[in-house]
Amino acid sequence: MVKDPKPVDGQGKKQDANITAARTEPHREVLSAQVKDVLTLLLVFRFLNALCVRTFFQPDEYFQALEPAWKIAFGGESGAWLTWEWEHQLRSSLHPAIFGIAYKAAHTLMSALLFPPQLESFVLVVLPKVVQSVFAALGDFYTWRLATAIYGNASNVPWAALWMTVLNPWQWYCSTRTFSNSLETTLTIAALYYWPWELLADAKVSKIVPLQLKSSINKLRISLVLAAIAVLLRPTNIFIWISVLTVTLTRFTLDGKSPLQTSTIVVLFREIIICGLLALAISVISDRLYFGFWAFPPYKWLYFNISQSLAVFYGQMPWHYYLFQGIPLLTTTFLPFTLIGLYKSTSRSSSLAALPSNVMRTLSFIVLTMVGMLSLVSHKEVRFIYPLLPILHILGAPRILEFFTTGPPPPAPAKSSDGKPVTSKTSSSGAVTLRHKISLANIISINLLLAGYLSVFHQPATISVLHFLRNEFERLHPETLSLDHAPTHVEEDLFALFLTPCHSTPWRSHLIYPALQARALTCEPPLGTEPGSLERANYLDEADRFYLEEEDPNVTEKTGAKYGIKFLNEEIWPVYATINTDIGATSNTSDHDDRTIVTRSGDVPRYIIGFEGIEGVLKGFFEGEDAPGRDMGVRLRKVWSGWNGAFNEDWRRQGRLVVWDTGIYQ
């Protein structure tokens with residue numbers, strides 16, 4: 001671990017008075033109890049956090065984790081929606097396997113205890129949040145532990161880092177969501193904590209050769225296994241470890257003489273190979289069990305997203321997106337402190353000793369490398385740099401501490417007989433007091449308001465609508481609520497039709513019952529097209545085709561709808577004609593006359609779900625003299641609507657979310 005930071009010279013620096021320790025080194029037993037208490041409190045905090053988050057953020061939270069997990073637990077006939085990434089083996093099964101095991105264990109236990117289906121469905125909906133809350137708490141915990149390893153047990157900086165991660169609205173909003181990025185973040189900060197940072201020490205100060213003790217090698221193994229799993233989950237995580245290894249071997253930007261010897265390098269690469277192969281073997285076996293054949297998702301991920309350029313199908317961002325949007329969204333009100341911390345950690349004016357200073361520079365190098373490399377990729381999302389957030393908290397913690405607190409100056413280090421500083425176990429005594437209290441109160445208030453709004457009021461309807469549908473299904477079909485059997489036939493072949501932008505809601509993880517049949521618009525990418533081809537440029541998925549403006553002005557004039565009519569008429573409920581042989585029809589039935597019965601294919605659902613903007617489309621299709629679907633017997637009636645936030649950047653998702661009863665079923 002990194003030793004306690006000490007002033008480099010006897011003068012110290014006033015601005016760094018609060019960065020160095022401000023109290024006596026705690027006793028070992030006190031530290032042990034403190035670690036347990038902090039972990040327990042964080043577990044409770046994130047559990048409550050998970051229960052409070054009731055809004056929708058991005059589809060991957062469900063479709064890249066919980067849907068394949070549902071298949072693992074309940075089988076291929078369970079109604080899980082597997083997106084194209086799973087059909088083409090782009091994703092590692094390790095992440096959904098965690099939730100699949102949890103689903104299976106909970107279902108087995110509840111079945112043995114004869115839980116009623118309604119109660120079991122409630123538990124299964126909440127369960128992934130509870131599991132993820134453990135990983136979120138561990139992410140907070142290892143952020144604090146790494147900061148403690150850098151700054152020392154007697155320093156207040158680790159506590160500042162802990163408060164930053166607890167009060168960060170992005171953490172509250174995202175850490176308990178089942179993104180692979182959330183697990184990647186926890187794995188990354190834990191791996192960084194266990195990494196042998198003594199590899200960055202100054203050989204002139206420390207005479208110990210790294211990686212010679214068994215305890216040090218064991219910590220290295222833990223670090224490497226966690227890092228390898230993170231890379232297998234998210235291949236871009238490799239940039240973090242390339243950065244660490246590059247700085248370790250080259251000592252780029254570091255102070256002092258390298259302590260690495262040939263034996264150290266041999267041990268390091270031996271463990272990298274062994275631990276990497278171990279993690280790879282676990283992943284390959286897991287994927288073999290899930291897919292039913294041998295697969296290597298990282299290769300498929302690189303092939304489809306890089307070689308075939310399919311990632312840009314889901315959006316392109318400018319090269320500076322992470323600089324001007326990504327990092328500000330991650331850090332919110334802590335942005336100034338993290339930027340200053342990032343700058344100061346790269347400079348040579350730090351008052352920290354060589355080893356902790358080198359660690360800080362390595363962490364800043366990780367941030368710069370990761371942001372730089374991912375900025376070269378066209379498709380960008382904030383959560384792609386989520387693993388950097390704990391690092392940014394650690395870099396910004398000294399700056400936020402020195403701005404909001406005052407304390408005694410650090411003591412001048414004692415001198416040995418040769419005139420060199422001597423490491424001190426304690427620091428000066430004295431109270432640390434708050435300052436700039438109004439600014440601190442404003443920051444905390446803004447963070448709490450952001451966290452509260454995003455987790456409760458921004459896009460809640462896309463979650464709550466599924467509770468409504470599930471409850472309705474339980475009321476209407478109480479005899480078909482089994483999870484252990486193939487779907488049972490019910491009165492309506494299609495219970496719900498979602499006419500929303502694709503993946504606007506969770507799916508089977510919230511619908512639960514296999515017999516509850518539903519359909520939604522899809523948005524599969526143009527898999528069979530070449531990059532740059534005209535076919536790809538003109539490609540439209542189902543959701544695009546539904547919202548495409550009507551080409552025929554007569555359709556808009558007759559129905560009053562600007563989009564959607566053609567799609568409903570040709571793709572959802574297309575017309576086909578069957579010959580009525582009872583009245584002597586001939587084969588020439590191109591004109592629909594009395595010899596032909598005109599009908600439509602496609603199931604009419606009990607409920608149609610969409611944002612309120614499509615109400616005119618539905619009425620234009622089903623109602624009125626010129627409505628194409630007027631003969632289908634649909635009589636729309638609103639039975640539920642939910643507020644979905646004060647704003648939405650996507651015009652298709654604006655307004656309330658509405659459920660219409662088609663009136664077909666009693």
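It should be emphasised that the depicted structure is a prediction, and the values quoted were computed from it without experimental measurement. (Residues numbered from 1 in each chain as written. Predicted model: local features only at pLDDT ≥ 70, side-chain atom pairs only at ≥ 80, totals over all residues. Heavy atoms only, no water.)

Caption draft 1: Structural view of helix α17 (residues 389-404). The end-to-end C-alpha separation of α17 is 21 Å, in line with the 22 Å expected for 16 residues at 1.5 Å each. In the structure, α17 departs most strongly from a straight axis at G396, where the bend amounts to approximately 40° and where the proline P398 lies between one and four residues downstream. With respect to burial, α17 is a largely interior element, 15 of its 16 residues being buried. (Helix = DSSP H or I, 4+ residues; strand = E, 2+ residues; numbered from the N terminus. Expected span 1.5 Å × (residues − 1). Bend = angle between axes of the 7 residues up to and from the residue. Buried < 20%, exposed > 50% of the residue type's maximum accessible area, 1.4 Å probe, protein only.)

Caption draft 2: Region of interest: the packing of aromatic side chains. Within this structure, the stated rule accounts for 49 aromatic pairs. With a centroid separation of 5.5 Å and an interplanar angle of 70°, the aromatic rings of Y321 and Y322 are classed as edge-to-face. Residue classification places Y321 among the buried residues on the basis of a relative accessible area of 7%. Here Y563 and W651 contribute two aromatic rings whose centre-to-centre distance is 5.9 Å and whose plane-to-plane angle is 75°, an arrangement assigned as edge-to-face. Residue Y563 is located in the loop between α23 (553-559) and α24 (565-572), and its partner W651 is located in the loop between β8 (637-642) and β9 (657-661); the two are separated by 88 residues in the primary sequence. Grouped by ring-pair contacts, the aromatic residues F141, Y142, W144, W159, Y193 and Y194 constitute a single cluster. In this arrangement the basic side chain of K71 is found over the ring face of Y290, its NZ or CZ atom lying 5.1 Å from the centre. A cation sits over an aromatic face here: R177 above Y173, 4.5 Å from the ring centre. (Phe/Tyr/Trp six-rings, centres within 6.5 Å; stacked < 30°, edge-to-face > 60°. Lys NZ or Arg CZ within 6 Å of the ring centre and 35° of its normal.)

Caption draft 3: Inspection of the side chain of D140 at higher detail. One can find D140 in helix α6 (residues 117-151). On the basis of relative accessible area, D140 is assigned to the buried category, the value being 0%. When neighbours within four sequence positions are excluded, D140 is seen to be in contact with L42, R46, L162, T165 and Q171. (Contact = heavy atoms within 4.5 Å.)

Caption draft 4: Main features of the packing of α24 against helix α25 (residues 615-622). Where α24 meets α25, the closest approach of the two axes is 9 Å, and the angle between their N-to-C directions is 60°. Here α25 runs oblique to α24, going by the angle between their axes. As α24 packs across α25, the resulting crossing turns out to be right-handed. Two secondary-structure elements touch here, α24 through I565, L568 and N569 and α25 through V617, L618, G620 and F621. Grouping the amino acids of the contact of α24 with α25 by side-chain chemistry returns 5 nonpolar, 2 polar and no charged. (Axes fitted to C-alpha atoms, helices over the stretch in contact; angles between N-to-C directions. Parallel < 35°, antiparallel > 145°, perpendicular 65-115°, else oblique. Left-handed = near helix turned anticlockwise from the far one by under 90°. Nonpolar A, V, L, I, M, F, W, Y, C, P; charged D, E, K, R; others polar.)

Caption draft 5: Local environment of the nonpolar core. Counting residues in each nonpolar core, the largest one holds 131 residues, and the members touching the most others are L192 and L363. Here this core takes 13 residues from α6, the largest share from any one element. Setting aside residues up to four positions removed in sequence, L192 forms contacts with L146, W197, W241, V244, L363, I366 and I391. Of all hydrophobic cores here, the second largest spans 28 residues; its members include L494, I565, W573 and I608. (Core = buried A, V, L, I, M, F, W, Y, C linked by side-chain atoms within 4.5 Å.)

Caption draft 6: Spatial organisation of unusual backbone geometry. The residue Q89 is not glycine, and still its phi comes out positive at about 60°. By the secondary structure assignment, Q89 is in the loop between α4 (84-87) and α5 (94-112). The backbone of T253 shows a phi angle near 75°, a positive value even though the residue is not glycine. In this structure, T253 sits in the loop between α11 (238-250) and α12 (262-291). Judged by its relative accessible area of 30%, T253 falls in the partly exposed class.

Caption draft 7: Structural detail: a nonpolar patch on the surface. A surface patch of nonpolar side chains, amounting to about 310 Å² of accessible area, comprises V44, F47, L48 and L51. Note on placement: F47 falls in helix α1 (residues 28-52). Overall, the relative accessible area of 33% leaves F47 in the partly exposed class. (Patch = residues over 30% accessible without salt bridge, like charges linked within 9 Å, V, L, I, M, F, W, Y side chains within 5 Å. Areas by Shrake-Rupley, 256 points an atom, 1.4 Å probe, with all protein chains shown as cover. Salt bridge = Lys/Arg side-chain N within 4 Å of Asp/Glu carboxyl O.)

Caption draft 8: Fine view of the environment of G75. By the secondary structure assignment, G75 is in the loop between α3 (66-74) and α4. A relative accessible area of 25% places G75 in the partly exposed class. For the pair formed by G75 and D484, sequence separation is 409 residues and the distance between their alpha carbons is 8.9 Å.

Caption draft 9: Seen up close, the pattern of salt bridges. Inspection of the entire model under this criterion finds 17 salt bridges. E402 is paired through a salt bridge with R399; the nearest N and O atoms lie 3.2 Å apart. Taken together, the residues E402 and R399, both in helix α17 and 3 residues apart, mark about one turn of the helix. By the burial criterion, E402 is buried, and R399 matches it. Each of D60, E381 and R383 takes part in a single network of salt bridges with overlapping partners.

Caption draft 10: Focus on the sheet that holds strand β7 (residues 607-611). An order of β4-β3-β7-β9-β8 is seen for the 5 strands of this open sheet, with the pairing classed as mixed. Of all strands in the sheet, those with a lone pairing partner are β4 (518-520) and β8, marking the two edges. The mean inter-strand angle of the sheet, taken between neighbouring strand axes irrespective of direction, is 20°. Of the pairings in the sheet, the one linking strand β3 (residues 496-498) to β4 comprises 3 bridges and is parallel in character. Paired with L497 across the strands is R519, a residue of β4. Together, β7, β8 and β9 form the strand contacts of α25, whose direction differs from that of β7 by roughly 140°. (Pairing = 2+ DSSP bridges.)

Caption draft 11: Local environment of the side chain of R234. Relative to the elements of secondary structure, R234 occurs in the loop between α10 (214-233) and α11. Buried charge without a partner: R234 forms no salt bridge, and the closest opposite charge is E184, 4.1 Å away. Residues in contact with R234, not counting those within four places in the same chain, are R91, S180, N181, E184 and F384. (Lys, Arg positive; Asp, Glu negative; His and termini not counted.)

Everything listed here is a matter of geometry and, on its own, says nothing about what the molecule does.
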